[in-house]
Amino acid sequence: MDTPIKIGRAPAHDEPIQHLKPPVDETTLAHKRLLDGAFWHRIPAYRSVDEQTFLDHSWQAKNTITNPQKLLFALQDLVPQDFYDDVASGFAKAPMSIRVSPYLLSLIDWANPYTDPLRRQFVPVASRLLPDHPKLTLDSLHEQEDAPVPGLTHRYPDKALFLALDTCPVYCRFCTRSYAVGVDTDSVDKVSLKATEDRWARAFQYISERPELEDIVVSGGDSYQLKARQVSLIGNTLLEMPNIQRIRFATKGPAVMPMKLLTDHEWLDALTNVVDRGRKLHKEVVLHTHFNHPNEITAITKKALDRVFERGIIVRNQAVLQRGVNDTVETMQLLVKRLGYCNVHPYYVYQHDLVKGVEDLRTTLQTSIDIEKSVRGTTAGFHTPTFVCDAPGGGGKRVIHSYEHYDRETGVSVFTAPSVKPGKFFLYYDPIDTLSPEMQKRWMDPIEQEKMIEDAANKAGAKLDARAAASSIQRL
Ligand code: SF4
């Protein structure tokens, strides 16, 4: 006889609910505790700035810090003179020019400037710089190689990257596009990608002539810097192309100057109109942004992103994993949860690109692998970022766990991209200072470098051959 199935008795309405585990103390939900109030009054130059002025995006742009003298003027005696000297020589060596909004400056803990995660991303200090890995190049993703017209990279079959301009509301030390973004520095003469309608016309013509292109990323530089009429022009021109199905406007703006979304009505209206028009045409227009650390999200950010959410605009985040910034499980979990609280999808976390002058910010591939494992499971799957390595040499984004070979001793990992560039290997290199002294010595020798690279490629090739042989045996 079948054992009768026991069905639990539904509790009566007046019975207390039996919790299976105790509820968490609400005060421990750190992702909901956002910095609020006049926090900018901590900065001597902004002590008398009222809220209305601070929230004005034009005031933020006008008072942006662009050189060590302006930094000194803003911070005065908050940091000692030797720190300013360190910054001045950091600037001289950096491939990126500096640009820091008053908002961002106010979020940095100037009592601990060397360890602050925001200072590390935006303000270079010479004393902390490390020598570049010998395999670093200026355009490590080879965006220019895959550009049929200046400022348009067509690498993936159905997607293109349109670099509409070469300026941003902030300049990040670690920018992948340091070959073009910002003004020339002592160490780099930039490729010019000015926001001219002539250059754009050639990009539009190319896009319209490629029926396989469906998805355009409008970046730069940064879409925040586009004028409202330029947002409309680019958005509407692309929407009118029958082949285009998806448009993403990329901007770091919400992370570094969220008040623009609250006070630049013309810009937000222009974006909203493109999004609404796209929806009517059954095409998706979204905003892609770039928060790296939970401290970048304040009560102002929440208010600004709520405004964007009310308008039905989808926002996705692309973070970069960085040493001393967000390379701990706790920080990354908090970032992911805080983004979710602001209705931002934490879409990607990138392995740091092989960018010149920021070796102190790169992590090993293993760091990324370890953090990914602990972030997955913290929240819903659709709010969990995919950790990727943008394969140097133009392989595109590869999931961090999908390497063909990873030698943790030499720090060389090998990726393939069968649907982007079949038959090619793409190599990523862990930062030299994380390797053993013996390995660091080998990397100083060009002959040894080639041996280590060849060895990694051979092992990846042997693994692929073994896999292909195994699958052909299975098919027999
Ligand atoms: S906002 Fe983006 S494009 Fe501009 S400097 Fe930063 S990383 Fe580069």
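Above this text sits the structure in question.
These figures come from a predicted structure and were not determined experimentally.

K.L.:
Just to check I follow, could you spell out the overall build of the chain for this structure?
P.N.:
The helix and strand inventory of the chain stands at 16 helices and 12 strands. With 476 residues in all, the chain has 54% of them scored as buried. Look at the contacts in the chain between residues 6 or more apart in sequence, and 76% of them connect residues 24 or more apart. Roughly 22000 Å² of accessible area belongs to the chain as shown, and the carbon and sulfur atoms make up 54% of that amount. For the chain, the distance from the average site of its 58 positive side-chain charges to the average site of its 61 negative ones is 3 Å.

K.L.:
Which parts of the structure should I look at to understand the sheet that holds strand β1 (residues 152–154)?
P.N.:
Either a parallel or an antiparallel arrangement is found when strands of a sheet pair, and the pairing is made through backbone hydrogen bonds. Taken in spatial order, the 9 strands of this open sheet run β1-β2-β3-β4-β5-β6-β7-β8-β9, and their pairing is mixed. Since the sheet does not close on itself, it has two edges, and those belong to β1 and β9 (396–399), each with one partner. Recorded for the sheet is a direction-independent mean angle of 30 degrees between the axes of neighbouring strands. Relative to strand β5 (residues 284–289), strand β4 (residues 246–250) runs parallel, the two being bridged by 5 bridges. Residue pairing in the sheet places Ile247 in a bridge with Val285 of β5. Where helix α13 (residues 329–341) meets the sheet, its contacts fall on β6 (315–320), β7 (344–350) and β8 (386–391), and the angle it forms with β7 comes to roughly 150 degrees.

K.L.:
Hey, could you run me through the pattern of salt bridges in this one?
P.N.:
Charged atoms that come close allow side chains of opposite charge to pair. Counted by the stated rule, this structure contains 24 salt bridges. Among the ionic pairs, Arg246 bridges to Asp215, the shortest N-O distance being 3.4 Å. One end of the pair, Arg246, is in strand β4; the other, Asp215, is in strand β3 (residues 215–219), with 31 residues separating them in the sequence. Taking the shortest distance from any N to any O, the salt bridge between Asp269 and Arg311 comes out at 2.8 Å. Note that Asp269 is positioned in helix α11 (residues 265–280) and Arg311 in the loop between α12 (299–310) and β6, a separation of 42 residues in sequence. For Asp269, a relative accessible area of 34% puts it in the partly exposed group. For Arg311, a relative accessible area of 28% puts it in the partly exposed group. Through salt bridges with shared partners, a single ionic network connects Asp158, Glu214, Asp215, Arg246 and Arg248.

K.L.:
Explain the sheet that holds strand β12 (residues 425–429) to me, please; I cannot follow it from the model alone.
P.N.:
Read from one edge to the other, the open sheet built from 3 strands follows the order β10-β11-β12, with strand pairing classed as antiparallel. In this open sheet, the two strands that pair with only one neighbour each are β10 (405–407) and β12. Taking the axes of each pair of neighbouring strands and ignoring which way they run, one obtains an average angle of 20 degrees across the sheet. One ladder, built from 5 bridges, connects strand β11 (residues 412–416) with β12; its direction is antiparallel. Opposite Phe415, over in β12, you have Phe426 as the bridge partner. Running at roughly 115 degrees to β10, helix α14 (residues 365–375) makes contact with β10, β11 and β12 of the sheet.

K.L.:
Looking at this structure, I do not really get the side chain of Thr251. What am I missing?
P.N.:
In this fold, Thr251 is placed in the loop between β4 and α9 (253–256). Judged by relative accessible area, which is 3%, Thr251 ranks as buried. Side-chain polar atoms of Thr251 contact the side chain of Asp222, separated by 2.5 Å.

K.L.:
Help me understand α14, please; the structure alone is not making it clear to me.
P.N.:
Three- or four-residue spacings in an α-helix give side chains the same orientation, since the helix completes a turn every 3.6 residues. Those residues of α14 that sit buried are Leu365, Ser368, Ile369, Ile371, Glu372 and Val375. If you follow the buried residues of α14, they end up packed against α13, β8, β10, β11 and β12. Gly377 sits one or two positions beyond α14 and adopts a positive phi of about 105 degrees.

K.L.:
In this structure, what is going on with the site of the ligand? I would like to understand it.
P.N.:
The immediate surroundings of the ligand are formed by Met96, Cys168, Val170, Tyr171, Cys172, Cys175, Val181, Gly221, Asp222 and Lys252. Here the ligand occupies the largest cavity. Grouping the constituent residues of the shell around the ligand by class yields 7 nonpolar, 1 polar and 2 charged.

About the thresholds
- Residues numbered from 1 in each chain as written.
- Predicted model: local features only at pLDDT ≥ 70, side-chain atom pairs only at ≥ 80, totals over all residues.
- Heavy atoms only, no water.
- Helix = DSSP H or I, 4+ residues; strand = E, 2+ residues; numbered from the N terminus.
- Buried < 20%, exposed > 50% of the residue type's maximum accessible area, 1.4 Å probe, protein only.
- Contact = heavy atoms within 4.5 Å.
- Areas by Shrake-Rupley, 256 points an atom, 1.4 Å probe, with all protein chains shown as cover.
- Lys, Arg positive; Asp, Glu negative; His and termini not counted.
- Charge placed at Lys NZ, Arg CZ, Asp CG, Glu CD.
- Pairing = 2+ DSSP bridges.
- Axes fitted to C-alpha atoms, helices over the stretch in contact; angles between N-to-C directions.
- Salt bridge = Lys/Arg side-chain N within 4 Å of Asp/Glu carboxyl O.
- Polar contact = N/O pair within 3.5 Å; in protein donor to acceptor, adjacent residues only side chain to side chain.
- Near = heavy atom within 4 Å.
- 1 Å grid on protein atoms, 1.4 Å probe; cavity = no way out; pocket = protein on both sides within 12 Å on 5 of 7 lines; lining within 4 Å.
- Sits in = over half its atoms within 2 Å of the grid points.
- Nonpolar A, V, L, I, M, F, W, Y, C, P; charged D, E, K, R; others polar.

On their own, these measurements won't tell you what the molecule is for.
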